[in-house]
Amino acid sequence: MLTRTKKNAEEAIDRIKAHYSDKDAKVGSLEFVPMDLSDFKSVKAAAQQFLDSEGPDGRLDVLFNNAGTGGWKDAPPTAQGHEYHITANSVGHFLLARLLTPILTETAKKSPKDAVRVVWAASILVEMTSPINGITKEFLEDPFSEKHAGVLYAQSKTGNWFLATEFARHQSESGPFGCGIVHIGGNPGSYNTNIWRHVKDLIKYYLVYPTLRDPVYGSYTYMWMGFSNEVTMDEAKAGNYAICDGRWHPGQRADLLLAIKGEGEGGSGRSKEFFNWCEEKVKDFV
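Residues numbered from 1 in each chain as written. Predicted model: local features only at pLDDT ≥ 70, side-chain atom pairs only at ≥ 80, totals over all residues. Heavy atoms only, no water.

J.: What should I look at first to understand a nonpolar patch on the surface in this one?
T.: Taken together, M1, I16, Y20, V27 and L30 make up a surface patch of nonpolar side chains, about 430 Å² in accessible area. With a relative accessible area of 37%, I16 lands in the partly exposed category. (Patch = residues over 30% accessible without salt bridge, like charges linked within 9 Å, V, L, I, M, F, W, Y side chains within 5 Å. Areas by Shrake-Rupley, 256 points an atom, 1.4 Å probe, with all protein chains shown as cover. Salt bridge = Lys/Arg side-chain N within 4 Å of Asp/Glu carboxyl O. Buried < 20%, exposed > 50% of the residue type's maximum accessible area, 1.4 Å probe, protein only.)

What follows is the structure in structure tokens.
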């Protein structure tokens, strides 16, 4: 469990262990690894700690890129001087996936086809509030030009869908992006968690909370994305997008579908552009 706050991680681990303590079930182990997604040095250290703990014959079957931040007005720059939302929600995950690609690839070689996966968390705000093409050209040129926390959050979550799609498409036998790994993005739903801690109380209590579900239902969606036979490499390369309760989105916004197509296919190419942008941001840490 790679996360920033030790106390929260240990409480979650204790709850999981307590749930299975009186059940006749085969159990594994749960360990906390400190990681701050907004700090690339921390991400690299966490990835190395995980790899060291696995050893040369270790494996990684599913990576859930779930951590991040909600919309945070006047969020500070990151340790490396980047915009906070896009780093904590997207680029930090990109770096983690890049660093863990070798062990994911080795696991895929020893596993059934399409069984090894990386799950990327998006949001309903991808289709509701992200700008045309999901991420604006102006933002990629100057991430601090966008000031609205809601737009920053929506762009970062759109970015996760883009990254999942591009990771799936960029794989090769000898390339740096791995082989045989199904990267899938989707909206797990809206749930009552502490991701809302930066939202204004008036909005939070009267507009947001009445619409939220128990977080366990989000876990069900992640389980579908991580383990269902309906999720395949073909679906990933096509840019198919999961939604809550384990389903495929029936039809995303037209401009977002064009964003995951190249200019030669009649699209905007914004998805690939963002993937390359992230690669440039993390190049000193891979």
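J.: Just to check I follow, could you spell out the packing of aromatic side chains for this structure?
T.: In this description, a pair of aromatic rings is defined by centroid distance and the angle of the planes. Overall, the coordinates contain 16 aromatic pairs when judged by the stated rule. On the basis of an interplanar angle of 90 degrees and a centroid distance of 5.7 Å, the ring pair of Y217 and Y220 is categorised as edge-to-face. With Y217 and Y220 both in helix α8 (residues 215-227) and three residues apart, this pair spans about one turn of that helix. Y217 sits in the partly exposed class, given a relative accessible area of 35%. Through a chain of ring-to-ring contacts, the aromatic side chains of F94, W120, F167, F177 and F275 assemble into a single cluster. (Phe/Tyr/Trp six-rings, centres within 6.5 Å; stacked < 30°, edge-to-face > 60°. Helix = DSSP H or I, 4+ residues; strand = E, 2+ residues; numbered from the N terminus.)

J.: Help me understand helix α2 (residues 40-54) in this model?
T.: Note: α-helices contain 3.6 residues per turn, so residues at a spacing of three or four share the same orientation. Compared with an ideal rise of 1.5 Å per residue, which puts 15 residues at 21 Å, α2 spans 21 Å between its outermost C-alpha atoms and is within 8% of the ideal. Listed as buried for α2 are F40, S42, V43, A46, A47 and F50. Buried residues of α2 fall within an arc of 160 degrees about the axis and therefore sit on the same side. Turned more than 90 degrees away from the buried face of α2 sit K41 and D52, all of them exposed. Considering only its buried residues, α2 is in contact with β1 (2-3), β2 (33-34), α3 (84-109) and α11 (270-282). The N-terminus of α2 is capped by D39, whose side-chain oxygen sits 3.0 Å from the backbone nitrogen of K41. In the segment just after α2, G55 is the residue with positive phi, at about 80 degrees. (Expected span 1.5 Å × (residues − 1). Arc of directions from axis to C-beta. Contact = heavy atoms within 4.5 Å. Polar contact = N/O pair within 3.5 Å; in protein donor to acceptor, adjacent residues only side chain to side chain.)

J.: For this particular structure, what's the right way to read the sheet that holds strand β6 (residues 241-243)?
T.: Through backbone hydrogen bonds, the strands of a sheet pair up, either in parallel or in antiparallel fashion. Ordered by their spatial adjacency, five strands build an open sheet running β3-β4-β5-β6-β7, and the pairing between neighbours is mixed. Two strands lie at the open edges of the sheet, namely β3 (62-65) and β7 (247-248), each paired on one side alone. Here β3 pairs with strand β4 (residues 117-121) via four bridges, running parallel. Across the sheet, F64 pairs through a bridge with V119, a residue of β4. Packing of helix α6 (residues 149-169) onto the sheet brings it into contact with β4, β5 (182-186) and β6, and relative to β4 it is tilted by some 160 degrees. This element, α8, spans β3, β4, β5, β6 and β7 of the sheet and lies at about 145 degrees to β4. (Pairing = 2+ DSSP bridges. Axes fitted to C-alpha atoms, helices over the stretch in contact; angles between N-to-C directions.)

J.: For this particular structure, what's the right way to read the pairing of β5?
T.: When a strand is regular, its side chains alternate between the sheet's two faces. Taking burial as the measure, the five residues of β5 include five buried ones, the bulk of the element. On β5, burial covers both faces: V182, I184 and G186 on one face and H183 and G185 on the other are all buried. As judged from the five bridges shared by β4 and β5, these two strands associate in the parallel manner. What sits directly across from V118, in β5, is H183. With two bridges connecting them, β5 and β6 associate as parallel partners.

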